[in-house]
Structures are given as structure tokens and as C-alpha cells.
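Notes for the structure review
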Amino acid sequence: MIIAALFDLNVIVLTTYLLAVTGMGVWFASRQGSAADFVSAGGALPGWAIGLSMFGSYVSSISFVLAPGKAYASNWSSYVFTLATPIAAVVAVRWFVPFFRRAGAISAYEHFEHQFGPWARTYAVICFLLTQMARMGAIVYPLGLVISPVTGWTLTPTIILIGVLMMICTLAGGIKAAVWIGVFQSFVLIAGTVTCLLTLIFKTPGGLTAILEGGASYDKFSLGSFSPSLVEPTFWVLFAYGLVMNLGNFATDQSYVQRYITAIDEKEAKKSVWITAILYVPTSAIFFFVGTGLFVFYRAQPELLGDIQQADHVLPHFIVTQLPYGMAGLVVAAIFAASMDSNLSSMATLTLEDLYKRYFRPDAGERESLLVLRISTVVWGISGTAVGLWMIQEGSGLDVWWDLAGLFSGGVLGLFLLGMISRTSGPKAGFVAVAAGMVAIIWITMPKLWPNMPEAIRSPLNSNLTVVVGTLTIFLVGLIVTGLLNAIGKNSAPTT
């Protein structure tokens, strides 16, 4: 079976793409001269390239596979997350990008230490690493769903192979490789998306009209309830979640902040944010439209669905069974292109700068730093792959990812905003605020971890509000405690 798969045209197309990406990584590795090149690319990259790579980070296989699965099973309510992106981009361009460009630090969290103390920096780093570990799992899992039926390999070894390839690409060239390979992959991603969309419209009985009418008749284009309820995943709940998560991406996500530093100047860094938002909003809409189209397509021809039951498996099934011969390989390559930016480079950077150098070897030399970067890339790659294997047993991959992201983000955005808005907030106010935020996050999360939790203490809030409540709690409690401490003259920032 493996030998036969190797001579399949779809596999040949996919393999050609993977060899091209690996070759690019090796080429960048040959031109990489130092740890600084690995983490900042010498601050010489153009905004359009950074923007395309950030766009790839936003999309990934989470959007390409899991978003259509969500639209197929329900409606477009999850698209509300995307609608918050432009607002977050406006805030990022106005305040976040200038802040990090002035700071000039590779780590997105170094300023936390200056204002709140070492504990705050470490807290933010750990939250980021856990979130990105979960994100990598949410990337390799749907990617495995697509590659497995194309190659005929079982899901578990396919996911492991994907994780290994991601580690190899990251080890090859650091952030510079991540950006330029991201540019190449964005074009492959767009080609694959268009191919999948056009094939679906062409093969659906009645074409585009049937998809629009069928989707509307079953309320598949709905953005969810506009009820003020905080218990259900209403439009407002998902918009609040999307706004906080997108703001967090631009303000406290090392992978984005690190890219700001790689830009030639501040103008180019701002341009990269706009490119990301402008491309992501319509592209995400296409993925949800594909999910609606799949619903109409298989409702008209249910016999073509076979024994597929999980919504996340429907698009992979369509790709393998309905796309023209050889085109399935292109679409899978596109999904791979949307997924290769696993943020392992940023995770390795933080492990070196904020953990290893901060607590163990502050004077680590060039050779030692590169070794730590490469070892940590492998460690986090293995951890993320393990999360992907765990997700095989779960339900909707998108729901699982959102739950993990809300939990692991730890409300770090709240601490970031507290520091930006209240310059007098110090370590005491920050610590009390984070402690209160963690209590709120745990309280909302507990019902999923403890299904039989007594109703008297069970949180009634929707789980998507975890990060929203955590962020607001840290920010507001921080402001209150800062005011109280300032009133009695006991709040001061640590000396560095």
C-alpha cells in the first residue's frame, strides 16, 4: 500500500511541495549566521512578506478544515470570531506596534518584568508556550485528517510525521525561514482554496444558486442568536471572545510581536498587520461557505458521504473522493501550507530568552544559544504533536482548540493592558490582579473538568467567555488595587 501510494499523482504533488519547502528551509539554514538571525532576521524584512506569513499563521489547518466542519454541522456563528479581527488590527496599528518597536526587545514579555517583576514575565511566557502547544495540536490533527485518506496511512503515524516535518522546517532557518516560506505557502494556500471552492460549486446539483438557497433554507448562514444571554454561544459572546483573542494575538503573542521586530521599520510593521486582517476576513468567509456548500452537496447526494459521521472529516472526504485526479494533492499541499507555521520558532526564542538565559545561563554564548533553540524546538514540537494525537478522541476540533486557548491564555492581555494604561501599576497590584484572574478562569473552566460540580458553585457562563472574564478581571482588579496602593503610597515598580 505504501509503495502504491508513492506513485499516486496526489502523493507526488504533495511530496513535490514538501520537498520545495524543505529545500527552502535548508537554503535559509546555509545563510543563517547567528542566533540573532534565527530570532529577528536582522530587522530587514519587508512588511508585505511579514503580513503574508502572519496571514498564514491566522489561517492554518484550523481554519481550512475545522471551520468548514463547524459550518457543516451548524452555521456561521463561529465566523463572528473573524469579524473582530479588523477592530483588533486598528488597535494594534495605533498602539501595539509602536510600543514593541520602541521597546526593541525580541521577547514580547520583557516589559512585564520591568513593570511587574520577574514573576509576571515568566507567567506570560508559560501561558504563551502552553497556548502554542495546544495550537500546534489543533493544527496537526486536522492536517492528519486530510493527509491520511490521500496517502492511505493511518491517522496516528500521519500526525507524528507532520509534527516531525514542522520541527525540521523550523530548525532549518528560524524566523527568517518562517516568514519567507510563509510567503510561498500563502500563494499555495490561495490556489488550493480556490480549487476546492470551484470544484464544490461545479459538482453541487444546481451550483452556486443551490448552495445559497439550500444554506438559507436551513439557516446555515446564521451568525447565531443576538440574545443578551451569556450562557449560550450567542453572537455577542463569540464576538467578545474573538475581540479578546485577536487583541491578544497582536499584543501578547510572541509569534506576531517577533515579526514586528523583523520589519525594516515601523511603517512596514504596521503594513503587515493590515495585510493580515484584509486577507483573513474574506478567506475565512470562504472556508465557512465551503462548509455550507458541503452540507448542501451531501444532503442532495447522501450516498456519497459513505460512513462519515464526524463533521471534521467531511471536507477531507470530499477532497479525496470528489476533486479531479491530482488536484487533491494540490489542496492537501495548500492545507499543509496553511499549517507549517507552527510558531515553534517563537516558542524556542522564548525558551532561550525568558527561561534559559533568565534563570540559568544569562551569559550563554552563540553556540550554546543555538543549541538551546534547537533542543527546545524539538521538545515543544513533540509536545504539540502529542496534543494532536489526544485530539483524535475528542469531538469538534474547533471547539476543543477554543476551550484550550481560552484556558491557557491566562488573561495575559489584561496584564498587558494594565501596564500600558496605568504606568503606576507595580508588582503588588499585578500579582493580586493575576491571582483574581486565575480564580475567575478556573471557576468558568471547572464545569468541563468536573461535570458533576454542584450547581451552587457552578459557573453559568459560556466557556468562550473564559478568556474574556479572565482578561477583564485582571485589568479591572489591577486598576482598583493600583488606586488603593497609590492612595497609601505602597505601590512601586521593581528596579531593574
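Conventions used here
Residues numbered from 1 in each chain as written. Predicted model: local features only at pLDDT ≥ 70, side-chain atom pairs only at ≥ 80, totals over all residues. Heavy atoms only, no water. Helix = DSSP H or I, 4+ residues; strand = E, 2+ residues; numbered from the N terminus. Buried < 20%, exposed > 50% of the residue type's maximum accessible area, 1.4 Å probe, protein only. Contact = heavy atoms within 4.5 Å. Areas by Shrake-Rupley, 256 points an atom, 1.4 Å probe, with all protein chains shown as cover. Salt bridge = Lys/Arg side-chain N within 4 Å of Asp/Glu carboxyl O. Axes fitted to C-alpha atoms, helices over the stretch in contact; angles between N-to-C directions. Left-handed = near helix turned anticlockwise from the far one by under 90°. Core = buried A, V, L, I, M, F, W, Y, C linked by side-chain atoms within 4.5 Å. Expected span 1.5 Å × (residues − 1). Bend = angle between axes of the 7 residues up to and from the residue. Parallel < 35°, antiparallel > 145°, perpendicular 65-115°, else oblique. Nonpolar A, V, L, I, M, F, W, Y, C, P; charged D, E, K, R; others polar.

Helix and strand counts for the protein chain come out as 21 helices and zero strands. When burial is assessed residue by residue, the protein chain has 59% of its 496 residues classed as buried. Restricting the contact set of the protein chain to residue pairs at least 6 apart, pairs at least 24 apart contribute 85%. Accessible surface for the protein chain amounts to roughly 19300 Å². Of this, 69% is attributable to carbon and sulfur atoms.

Turning to the pattern of salt bridges, a few remarks are in order. This structure, assessed with the given rule, holds eight salt bridges. One salt bridge connects Arg121 with Glu113, and the closest N-O pair in it is separated by 2.8 Å. Note that Lys270 and Glu266 form a salt bridge whose closest N and O atoms lie 3.3 Å from each other. Of this pair, Lys270 and Glu266 both sit in helix α13 (residues 266-300), four residues apart, roughly one helical turn. Residue class for Lys270 comes out partly exposed when judged on its relative accessible area of 24%. Owing to a relative accessible area of 30%, Glu266 belongs among the partly exposed residues under this scheme.

Further remarks concern the packing of helix α6 (residues 85-103) against helix α12 (residues 254-262). Viewed as axis vectors pointing N to C, α6 and α12 meet at an angle of 65°, and their least axial separation amounts to 9 Å. In this structure, α6 meets α12 at a crossing whose hand is right-handed. Here α6 contributes Val97, Phe100 and Arg101 to the contact with α12, which in turn contributes Val257, Tyr260 and Ile261.

Phe250, Tyr260 and Ile319 are the most contacted members of the largest nonpolar core, which has 131 residues in total. Of all the elements, helix α8 (residues 118-151) adds the most residues to this core, at 19 residues. Setting aside its immediate chain neighbours within four residues, Tyr260 contacts Met54, Val97, Phe100, Arg101, Phe250, Ala269 and Val273. Ala348, Leu352, Val372 and Leu373 belong to the second largest nonpolar core, which has five residues in total.

On to the environment of Leu230. Residue placement: Leu230 occurs in the loop between α10 (207-217) and α11 (235-252). Leu230 sits 233 residues away from Ser463 along the chain, and the two C-alpha atoms are 9.5 Å apart. Not counting residues up to four positions away in its chain, the partners in contact with Leu230 are Val237, Pro460, Leu461, Asn462 and Leu465.

Excluding glycine, residues mostly carry a negative phi; peptide bonds, for their part, are mostly trans. Of note, the phi angle at Asp219 is positive, near 60°, even though the residue is not glycine. With respect to the helices and strands, Asp219 occurs in the loop between α10 and α11.

Let us look at helix α20 (residues 427-449). Here α20 is 23 residues long and its end C-alpha atoms lie 31 Å apart, about the 33 Å a rise of 1.5 Å per residue gives. Considering bend angle alone, the principal kink of α20 is centred on Trp443 and spans about 30°; proline Pro447 follows within four residues of it. Among the residues of α20, Ala429, Gly430, Ala433, Val434, Gly437, Ala440, Ile441, Ile444, Thr445 and Pro447 are the ones counted as buried.

Now for the packing of α6 against α13. Contact geometry of α6 with α13 gives a least axis separation of 10 Å together with a crossing angle of 160°. The angle between α6 and α13 places the two elements in the roughly antiparallel class. Read as a crossing pair, α6 and α13 show a hand that is right-handed. Residues Thr85, Pro86, Ala89, Val90, Ala92, Val93, Val97, Pro98 and Arg101 of α6 lie in contact with α13, whose contacting residues are Glu266, Ala269, Lys270, Val273, Trp274, Ala277, Tyr280 and Val281. Grouping the amino acids of the contact of α6 with α13 by side-chain chemistry returns 13 nonpolar, one polar and three charged.

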